[in-house]
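# Survey of secondary and tertiary structure
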Amino acid sequence: MIQLTIDSNGLARSRFVVSPLHEAVNTLMASGLGPRTGPYAWVGRTRRVLRRERLELLSGLALDQDGGYLPDFLSPHPTGPAPTVEEQLEAVRRTAPERVRAELAIAQHGLAAARLNGRQVSDVVLRTLERGPRYFAERVADELGHYWELALAPYWPDARAVLDPEIDQRGRFLARHGSAALFNSLAPELSWVEGRIELESRFEVALPARMVLLMPTLVTRTIHVILDPVDGYHRAPTLMYPAAQPIAVPHAPTTALAQLLGPTRADLLAALVDPATTVALAGRHFLSPGTVSYHLGVLHRSGLVSRVRSGREVLYRRTPRGEELVAEG
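Calculation notes
Residues numbered from 1 in each chain as written. Predicted model: local features only at pLDDT ≥ 70, side-chain atom pairs only at ≥ 80, totals over all residues. Heavy atoms only, no water. Helix = DSSP H or I, 4+ residues; strand = E, 2+ residues; numbered from the N terminus. Contact = heavy atoms within 4.5 Å. Areas by Shrake-Rupley, 256 points an atom, 1.4 Å probe, with all protein chains shown as cover. Axes fitted to C-alpha atoms, helices over the stretch in contact; angles between N-to-C directions. Parallel < 35°, antiparallel > 145°, perpendicular 65-115°, else oblique. Nonpolar A, V, L, I, M, F, W, Y, C, P; charged D, E, K, R; others polar. Buried < 20%, exposed > 50% of the residue type's maximum accessible area, 1.4 Å probe, protein only. Pairing = 2+ DSSP bridges. Polar contact = N/O pair within 3.5 Å; in protein donor to acceptor, adjacent residues only side chain to side chain.

So, about the overall build of the protein chain. Scanning the protein chain from terminus to terminus reveals 15 helices and 10 strands. Taking contacts inside the protein chain between residues at least 6 apart in sequence as the whole, the part at least 24 apart equals 71%. Of the roughly 16,200 Å² of accessible surface on the protein chain, a fraction of 51% belongs to carbon and sulfur atoms.

What follows is the structure, given as structure tokens:
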């Protein structure tokens, strides 16, 4: 069990962030290995870049099974809500030497107090570290930059098109229901209990938190907490959780389509890349279910969408005529 005790000041400082290097490093975790289909198929292909480009340090640190530790300095603590990858790569290069040594030692030997196991690290990682921690940080930053450009950069705009609305939606939920309900909504394993954030885990950690960063991800499929393993630094814990609705990313409707149908109906038609319910569309577009139902009714009567019952839900999807209209713009 991981327990984070946080007071009202800590809650006031807590915030959402999106971090490109955290997503890149997530693909080096065991949880990033599974095959993917649809708009996130790129996640399952990222390891091919490691092999093809011979990125030896990243390959030597990557995890092929759960239980090991990937050094946290590879994904720097975000100082703002949406750091650029260039800012984060520079932070990797400027990592304090003592942090580089300490985190690589934890990767090798584990951390008994937290039930974190050590693992074998490749010879190339150890040889590079022998040339000094600053040299290691610079070389691994170079590899991360190359990895980012080839494996993730082409897909990042589409990823942001999902992650940013996810945060907006959570912010609306927070404003309406409060912090306790927000934490309880992120994952079944996570709960708010009398001033503590509790996460079911095989690790045993209990500590106070000055604040908590909340970070949605498209790569990791289960919620986890990033804690600072190095004494004396006390970086704020980060709760990384899977985005609530990993949906296919729609293209924005053209001006012509918006003029033809009206902006709301054009947005809804463009959003139906995959079948969706009224409630799901309402959440994504920040509209009431009644408003969405009205506009879908117009689209349905116009022959642009069809509807089919799936259990207790009614799913809407574009008809061939609707597909043609979106494609033609």
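Turning to its location among the elements, Ser-201 is positioned in the loop between β4 (196-199) and β5 (205-208). Residues Ser-201 and Ile-2, 199 residues apart in the sequence, show an inter-C-alpha distance of 6.3 Å. If sequence neighbours within four positions are ignored, Ser-201 has contacts with Met-1 and Ile-2.

Their axes nearest at 7 Å, the elements helix α9 (residues 156-177) and helix α10 (residues 179-186) cross at an angle of 135°. For the element pair α9 / α10, the angle class is oblique. On the side of α9, the interface is formed by Arg-170, Phe-173, Leu-174 and His-177, while α10 contributes Ser-179, Ala-181, Leu-182, Ser-185 and Leu-186. Broken down by class, the residue content of the contact of α9 with α10 amounts to 5 nonpolar, 3 polar and 1 charged.

Among the secondary structure elements, Glu-149 is positioned in helix α8 (residues 133-152). Exposure remark for Glu-149: the relative accessible area of 47% places this residue in the partly exposed category. A sequence separation of 64 residues divides Glu-149 from Val-85, and the C-alpha atoms of the two residues are 9.9 Å apart.

Here we take up the sheet that holds strand β7 (residues 224-226). The sheet built from 4 strands is open, its strands ordered β2-β6-β8-β7 with mixed pairing. Of all the strands in the sheet, just β2 (15-16) and β7 have a single pairing partner and so form its edges. In this sheet, strand β6 (residues 213-217) lies alongside β2 in parallel orientation, the contact comprising 2 bridges. Directly across from Phe-16, in β6, lies its bridge partner Leu-214. Along the sheet, α9 contacts β2, β6 and β8 (238-242); its crossing angle with β6, the most-contacted strand, is approximately 135°. Sitting on the sheet, α10 is in contact with β2, β6 and β8, with an inclination near 35° to β6.

A few words now on the side chain of Asp-72. Position of Asp-72 relative to the elements: it lies in the loop between α4 (56-61) and α5 (85-93). Within the local environment of Asp-72, its side chain forms a polar contact with the side chain of Tyr-69, the two groups lying 3.1 Å apart. Contacts of Asp-72, omitting those with residues within four sequence positions, involve Glu-103, Ile-226, Leu-227, Pro-229 and Arg-235.

With that out of the way, let us pick up the environment of Glu-328. In this fold, Glu-328 is placed in helix α15 (residues 320-328). Here Glu-328 falls in the exposed class, since its relative accessible area comes to 66%. In this structure the C-alpha to C-alpha distance between Glu-328 and Leu-257, which are 71 residues apart in sequence, comes to 8.7 Å.

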